[in-house]
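Structural overview for review
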Amino acid sequence: MNVYTEVYNKCRQLCQVKALAADWKDIESGLKSLLEANGPSVADADVLDKLRERVDSAASWTLFRSNARAEAIVAGAQPGKNGFQDRAALLKSMYHFYLVSKAGGQSIWVVDHPTAYGKWVFDVLSGKSADSLKVDLKDELEVFGGGNRKMMSESVQLARKWSADVEVALGGRKDDVRAKVERWFLDGSSGDLDVTIAKLAAGFRKITASCNSNAVIFADRPHLRASGDYDSTFASVNAGDSMPVIYIYQLFLKTGRRDWFGNIPKLWLCALTVIHELSHKLVSTDDIKYDYEGLKPGPGFTSDQALKNADSWAYFAADVVGALSKGTLNNTLV
């Protein structure tokens, strides 16, 4: 498996056939309702808490709680029947799937699988014996944790506000906004200001709409974390995901405040990252230059390149809403 949509669809497929143990009937029915074709149903999210309560209740009487939880999942997967590994993976995957917030018609979800997993859970458990499953299922320390899950949710709300505010600002076309468009996207020798504003306005309409979409999902891509190939990456999106999924990597989690760019708070950095990644998916931007390389358009970074550069979109948005300090502007616009 490569992207979370594959995991999600596998879970949906398993829920179409009643295969869990009889005493899991209510959970199985709830998961089937939760996992809708276009994304999880917020109305049925309580089944995730019920699932965790069911698993955790098996551990309430023993000091060996991770063992007891693992045994409960294996029992629910009916190890005497073919395909029990996938059913155990379904339960384990849903155990680490969280509805973090909901507002109106929007919901923010986080996939927070164990740090010990270097693959998606279906791949980790594939072909294992029931006893081997119990060993893997005991791994419970999650990649993000509650604090980061909350921050991810808040970052989408902040990114939505930034993007909506940018839309309004671009529509007004006041002199200060036009100057900021020139600052981030025009190199002085090419590019048309009004055309650039129109392209930005159309793009930010799409970003705002995505931030307002029914479900936004944050996840880790365990196989890429384990390979080390993405050690220098903050976040990414993937064309293989049909749902709005944003992948967060270890570099982002470890960075905290970007002090060398003017002390950007981590929540603001996360909102900036959301806009950066959504611009990839919705506006087809590329990673031509990053903030630390300097984003000022000029001879080595043309207007056309700036308009196709994800970090330029993100920092422009932060600039328009007044989120960037003078130090950040000076260090980034070089």
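Just above sits the structure.
These lines cover the structure that appears in this document, whether it is placed above or below. (Residues numbered from 1 in each chain as written. Predicted model: local features only at pLDDT ≥ 70, side-chain atom pairs only at ≥ 80, totals over all residues. Heavy atoms only, no water.)

1. Structural notes on the environment of I275
Basically, it comes down to this: Note on conventions: DSSP H or I runs of at least 4 residues are helices, E runs of at least 2 residues are strands, and numbering of each starts at the N terminus. Each residue's exposure class comes from its accessible area (1.4 Å probe, protein chains only) as a fraction of the maximum for that residue type: buried when under 20%, exposed when over 50%, partly exposed otherwise. It only takes one pair of heavy atoms within 4.5 Å for two residues to be counted as in contact.
Within the secondary structure, I275 sits in helix α13 (residues 266-283). A relative accessible area of 0% means that I275 is categorised as buried. The sequence separation of I275 and L35 amounts to 240 residues, and the corresponding C-alpha distance is 26 Å. Apart from the residues lying within four places of it in its own chain, the contact partners of I275 are A159, W162, F204, I207, W313, A314 and A317.

2. Considerations on the pattern of salt bridges
For the record, the criterion: Counted as salt bridges are all cases of a side-chain nitrogen of Lys or Arg within 4 Å of a carboxyl oxygen of Asp or Glu.
Here the structure, examined in full by the defined rule, presents 17 salt bridges. A salt bridge links R52 to D49; its shortest N-O distance comes to 3.1 Å. In this pair, R52 and D49 both sit in helix α3 (residues 46-57), 3 residues apart, roughly one turn of the helix. Overall, D49 belongs to the partly exposed group, its relative accessible area being 41%. The salt bridge involving K180 is made with D319; its shortest N-O contact spans 4.0 Å. With K180 in helix α9 (residues 175-185) and D319 in helix α15 (residues 310-320), this residue pair connects regions lying 139 residues apart in the sequence.

3. Here we look at the pairing of strand β4 (residues 106-111)
Keep this limit in mind: Strands qualify as paired when DSSP identifies two bridges or more between them.
Where burial is concerned, most of β4 is hidden: 6 out of the 6 residues are buried. Residues of β4 alternate between two faces, with Q106, I108 and V110 on one and S107, W109 and V111 on the opposite face, all of them buried. Between strand β3 (residues 97-103) and the antiparallel strand that follows it, β4, lie 2 residues; G104 among them carries a positive phi value of about 60°. Judged from the 4 bridges that link them, β4 and strand β5 (residues 215-219) form a sheet pairing that is parallel. Of the residues in β5, the one forming a bridge with S107 is A215.

4. Considering the packing of α9 against helix α10 (residues 193-211)
For clarity, the threshold we go by: Here an axis means a line fitted to C-alpha atoms, over the contact stretch when the element is a helix, while the angle between two N-to-C directions is reported on a 0 to 180 degree scale. Throughout, the term roughly parallel applies to angles under 35 degrees, roughly antiparallel to angles over 145, roughly perpendicular to angles from 65 to 115, and oblique to all others. Amino acid classes used here: Ala, Val, Leu, Ile, Met, Phe, Trp, Tyr, Cys and Pro are nonpolar; Asp, Glu, Lys and Arg are charged; the rest, including Gly, are polar.
For the pair α9 and α10, the least separation of the axes is 10 Å and the interaxial angle reads 90°. By the angle between their directions, the pair α9 and α10 is classed as roughly perpendicular. Contacts between α9 and α10 pair R178, V181, E182 and F185 from the former with L193, D194, T196, I197 and L200 from the latter. Its residues assigned to classes, the contact of α9 with α10 comprises 5 nonpolar, 1 polar and 3 charged.

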